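Descriptive analysis of the structure
Residue-level listing of the chains:
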Amino acid sequence: MALDEIGKQIIDNGLLMALKNIRWQVQRQLVVCDRAGNSVKDNPFVSGETLRVNGSKMTAVTYPAIGIDAGIAAVRRQTALLQQELAQQKLLLLPNHEEETGEMTVRLMLPEAFLTELYERGFQSMDLDYAVFRDQIYMKLAQGFALHRTALAQQWGQGQEDWQLPDYRTPKRYVQSAVSGKVPVILRGAAQKQGISCLELPGWKLTPAHPEMVAPMMLRIMAMVAGYVLLTPGVPPDEWEKAARKAQATPASSEQGMRLWSAIEQFATKYGLVDWQGVCHQLLATDESVGNNEWSVEVGIQLQQQADDLAVTLDSNSQALAGAALRQGVDWQIIDASAGLLRVNGQLVKNGVITHNDQAVGVTLSADKEIIKRLVARQAIPVLNGWVVADRHAAQELYPYVQGRALAIKAAETTVMNTTVFRLAPRQDEFITAVNRILTTGHAAYVEEVLPGSCYRALVVNDHICSLVERIPANVVGDGRRTIQELVKVTNQRYPDRVPLHLGKLERETLTRQGLGPTSIPSRGTQVFLRFDATNGTGFQALEAGTSVDESYQQVIVRALNAVGLHDGGVDVIIPNIYQPYAQKPGQFAFLGIHATPQYGMHERVLLQQTPQDIAGRVLTILDKAKSSH
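Okay, so let's go over this structure. (Residues numbered from 1 in each chain as written. Predicted model: local features only at pLDDT ≥ 70, side-chain atom pairs only at ≥ 80, totals over all residues. Heavy atoms only, no water.)

1. Focus on the overall build of the protein
As a reminder of what qualifies: Runs of E in the DSSP output that reach at least two residues are strands. Runs of H or I that reach at least four are helices, and both are numbered from the N terminus. With the radius of gyration taken over C-alpha atoms, the globule rule is written as 2.2 Å times the number of residues to the power 0.38. Working definition: with a 1.4 Å probe on protein chains only, accessible area under 20% of the residue-type maximum means buried, over 50% means exposed, and in between means partly exposed. Residue contacts are counted whenever heavy atoms from the two residues lie within 4.5 Å of one another. This count recognises Lys and Arg as positive and Asp and Glu as negative, with His and chain-terminal groups excluded. Each charge is placed at NZ for Lys, CZ for Arg, CG for Asp and CD for Glu.
Scanning the protein for helices and strands turns up 22 helices and 22 strands. Its C-alpha atoms give the protein a radius of gyration of 26 Å, within 12% of the compact-globule value 25 Å for 630 residues. The principal-axis extents of the C-alpha atoms in the protein amount to approximately 75 × 60 × 50 Å. Across the 630 residues in the protein, those meeting the buried criterion constitute 50%. If you take every contact in the protein between residues at least 6 apart in sequence, the share linking residues at least 24 apart comes to 72%. For the protein, the separation between the mean place of its 60 positive charges and that of its 64 negative charges on side chains is 3 Å.

2. Some details on helix α10 (residues 274-284)
Note the following rule: Picture the helix axis, draw a direction to every C-beta atom, and the arc is the one those directions span.
Those residues of α10 that sit buried are Trp276, Gln277, Val279, Cys280 and Leu283. For α10, the arc enclosing every buried residue in end-on projection is 165°, short of the 170-degree limit, so these residues lie on one face. Each element contacted by the buried residues of α10 is listed here: α5 (149-155), α7 (216-231) and α9 (254-270).

3. A closer look at the state of the cysteines
The test is simple: Any two cysteine sulfur atoms within 2.5 Å of one another count as a disulfide.
A full pass over the atoms with the stated rule returns zero disulfides. Here Cys455 is not cross-linked by a disulfide; its sulfur's nearest cysteine counterpart is in Cys466, at 17 Å.

4. Description of the packing of aromatic side chains
Convention followed: Between 30 and 60 degrees the pair is tilted, below 30 it is stacked and above 60 it is edge-to-face, where a pair is any two Phe, Tyr or Trp rings, Trp via its six-membered ring, whose centres lie within 6.5 Å. A ring has a charge above it when a Lys NZ or an Arg CZ is no more than 6 Å from the ring centre and no more than 35 degrees off the ring normal.
Here the structure, examined in full by the defined rule, presents 14 aromatic pairs. For the pair Tyr399 and Phe431, a centre-to-centre distance of 5.4 Å together with 50° between the ring planes defines the contact as tilted. Of this pair, Tyr399 sits in helix α16 (residues 392-402) while Phe431 sits in helix α17 (residues 428-439), placing them 32 residues apart in sequence. The same class applies to Tyr399 as to Phe431, namely buried. When the ring of Tyr553 is compared with that of Tyr582, the centres are 5.9 Å apart and the planes differ by 40°; the resulting orientation is tilted. Residue Tyr553 is located in helix α20 (residues 551-562), and its partner Tyr582 is located in the loop between β21 (569-575) and β22 (590-595); the two are separated by 29 residues in the primary sequence. By relative accessible area, which is 13% here, Tyr582 ends up buried. An aromatic cluster is built from Tyr119, Phe123, Tyr130 and Phe133, whose rings are joined through pairwise contacts. Above the ring of Trp204, the side-chain terminus of Arg149 is found at 3.6 Å from the ring centroid.

5. Section: the pattern of salt bridges
To keep it simple, the criterion reads: The salt bridge definition used is simple: a Lys or Arg side-chain nitrogen within 4 Å of an Asp or Glu carboxyl oxygen.
Applying the stated rule across the entire model yields 24 salt bridges. The shortest N-O distance in the salt bridge between Asp4 and Lys140 comes to 2.3 Å. Pair noted here: Asp4 is in the segment before α1 (5-12) and Lys140 is in helix α4 (residues 130-147), with a separation of 136 residues, a long-range link. Assessed through its relative accessible area of 15%, Asp4 is described here as buried. Among the ionic pairs, Lys20 bridges to Asp275, the shortest N-O distance being 2.6 Å. Linking Lys20 in the loop between α1 and β1 (23-34) with Asp275 in helix α10, this pair joins segments that are 255 residues apart in sequence. Via salt bridges that share partners, Glu117, Glu120, Arg121 and Arg392 belong to a single interconnected network.

6. Observations regarding the packing of α16 against α17
The description of two packed helices rests on the angle between their axes and on the distance between the axes. Using the following cut-off: Inter-axis angles, ranging from 0 to 180 degrees, are taken between N-to-C directions of lines fitted to C-alpha atoms, where helices are fitted over the stretch in contact. Should an angle lie under 35 degrees it is considered roughly parallel, over 145 roughly antiparallel, and from 65 to 115 roughly perpendicular; all remaining angles are considered oblique. Each helix crossing is assigned a hand: it is left-handed if the near helix lies turned anticlockwise from the far helix by less than a right angle, otherwise right-handed if that turn is clockwise. Polar here means any residue other than Ala, Val, Leu, Ile, Met, Phe, Trp, Tyr, Cys and Pro, which are nonpolar, and Asp, Glu, Lys and Arg, which are charged; Gly is therefore polar.
Contact geometry of α16 with α17 gives a least axis separation of 10 Å together with a crossing angle of 140°. For the element pair α16 / α17, the angle class is oblique. In the crossing of α16 with α17, the sense of the turn from one axis to the other is right-handed. Contact with α16, carried on its side by Arg392, Ala395, Gln396, Leu398, Tyr399 and Val402, involves Gln428, Phe431, Ile432, Val435, Asn436 and Leu439 of α17 and no other residues of that element. Across the contact of α16 with α17, the residue classes tally to eight nonpolar, three polar and one charged.

7. Let's talk about the side chain of Glu507
The topology assignment puts Glu507 in helix α19 (residues 505-513). Overall, Glu507 belongs to the buried group, its relative accessible area being 7%.

8. Side note on the pairing of strand β16 (residues 454-461)
Convention followed: DSSP-based pairing: two strands are paired if at least 2 bridges between them are found.
The buried fraction of β16 amounts to six of the eight residues, a majority that puts the element mostly inside the structure. One ladder, built from seven bridges, connects β16 with β21; its direction is antiparallel. Within β21, the residue paired with Leu459 across the bridge is Gly570. Bridge analysis of β16 against strand β17 (residues 464-472) gives six bridges, and the strand direction is antiparallel. Looking at the pairing, Tyr456 lines up with Glu470 of β17. If you look at the hairpin formed by β16 and β17, you'll find two residues sitting between the two strands, and Asn462 has a positive phi there, around 50°.

9. A closer look at the sheet that holds β16
The antiparallel open sheet is built from five strands, whose spatial order is β20-β17-β16-β21-β22. Sheet topology places β20 (541-544) and β22 at the edges, where each strand pairs with a single neighbour. If you compare each strand with its neighbour and ignore which way they point, the axes differ by 30° on average. Two strands pair when backbone bridges link them, and β21 and β22 are joined in this way by five bridges, in the antiparallel orientation. If you follow Val571 over to β22, its bridge partner there is Ile594. Packed on one face of the sheet, α20 meets β16, β17, β21 and β22 and runs near 130° to β21.

10. As for the pairing of strand β15 (residues 445-449)
Along β15, four of the five residues are buried, which leaves the element largely enclosed by surrounding structure. The pairing of strand β12 (residues 386-389) with β15 spans four bridges and is antiparallel. Residue pairing across strands places Gly386 opposite Glu448, the latter belonging to β15. Note: strand β13 (residues 407-411) against β15, five bridges, orientation antiparallel. In the sheet register, Lys410 faces β15, and the bridge partner there is Tyr446.

11. Observations concerning the nonpolar core
What counts, and what does not: Take the buried residues of types Ala, Val, Leu, Ile, Met, Phe, Trp, Tyr and Cys, join any two whose side-chain atoms come within 4.5 Å, and each joined set is a nonpolar core.
Counting 87 residues, the largest nonpolar core has Tyr168, Leu187, Trp204 and Trp276 as its most contacted members. In terms of residue count, the dominant contributor to this core is α7 (13 residues). Discounting residues that sit within four places of it in the chain, Leu187 has contacts with Met139, Ala142, Tyr168, Tyr174, Ile196, Cys198 and Leu199. Grouped together as the second largest cluster of nonpolar side chains are 25 residues, Ile372, Ala458, Ile557 and Val571 included.

Shown next, in the form of structure tokens:
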């Protein structure tokens, strides 16, 4: 299936990553029961923003979460907290099967910045009103979900339902036609002047065989279908009635889903959408449904036992630290799971890194790259020049001052996967495009000079560097026979546990700057970089260098962290030669930034080591030594 005009504009303007920023919200109908499965009169919960209570029955709603992974995590966290509260009173949380309209509604909201950027880039010139354009995007999504509803329901383990298909061609037609009966997609705000605010997909059955009481795979399927529908051609207006009649008349069958997954898999392969490929591979490997509507009191008790803080609500660092404490026989307990706060061997540790030694102001300021650099520079530590850019006009004004310099362009106060590194000075159009790529995500951009050398991340705990990794950008190594796109596929297959490599717009731009393309065949042993940055989610590799770096660099790294009132955290630096002692000469060292809560994961799986490094064990050892010294 080819792209339609909307899909072309999304791909051509590098907006594909915006699909990962769709906001998801899940609403579920639940009931509080005793251990015999009987509903109770005294519900221990009180109505609030995310919980509406009516006797033993409850409507639980998650906060809108950006990205499907965050959406699934929100459902898990909410379910776990409810289960844990009920367990103390020997009560159970079960799906409310008395509700006629179903037990779950999924909502999706498109990022406004994505819609405005798409409009300005590709459709404003058509004299199309933005409000009309915005509604058309939502209508296209609604059409796709409505026509695929039967296939989705079959995959979900539900039978044929008596859906009434409204007219999804315009908001006005929808409002006039969706007057009664169950509809597969609800358009919130369709009758209001502000336009459609979100899509609702109602009536999905809960599956209590999962700790979330919802199969996470089904939510991933919905996210994938949303992207597929948005990128591919929809139904022409004059063919909608015919398509709607056919969809309602076609009986549910597993073949419907298989055809849809096959089409999406082919599309995903063509455009390098690795996440979709993975989902489709799982769906095509079996004809069994994702859902499981079998439920019982015994299942409820089992799920309650699974819904503990450690498995559901703790961050990955804290989970790893708790595991290390178990292995080493160290006392530990969860103080606040949602805050990632543990007590380990009598010491409070937040997110596996932050301790009582760290000043709160340093933790707060760590996300502000410009302020942090000023504080570090006052300690006579080399920093790179940088500029915050809040809009396109500021970018155009800045370019004459940075023209001719190698630059890195990233988000100013957060981490997004749109960092662009120019090892050679960019042209003005390249510079503006890279800045816009950040602004589209809703964040200010940060433009920074580039120092030749390798980029490192140090994990510091109690002023000790427990790991220093060189971050090697995403790359492939030629064999003299395969093209770059073939090498990417082979590499992803060879290392399925790594973040997969992509050949998106930014990667293709990087290849072009090297005089290459996806179909180029690198000679044997030639390393080809797909990106020049090594930020999270880009498929970079890490190489442990903690035992190789000269001690002088360890000292200056710790000094940089101390400059902002921290003794624990991650420090990003550039070092051209880690073996040459630091003599405070120009070009030997440059400070990049600080992370108050760095992830262990970057330091665990490293090159040349078959098993992951036990970073949590190292952290625990350092904490234990610190306690002993006191």
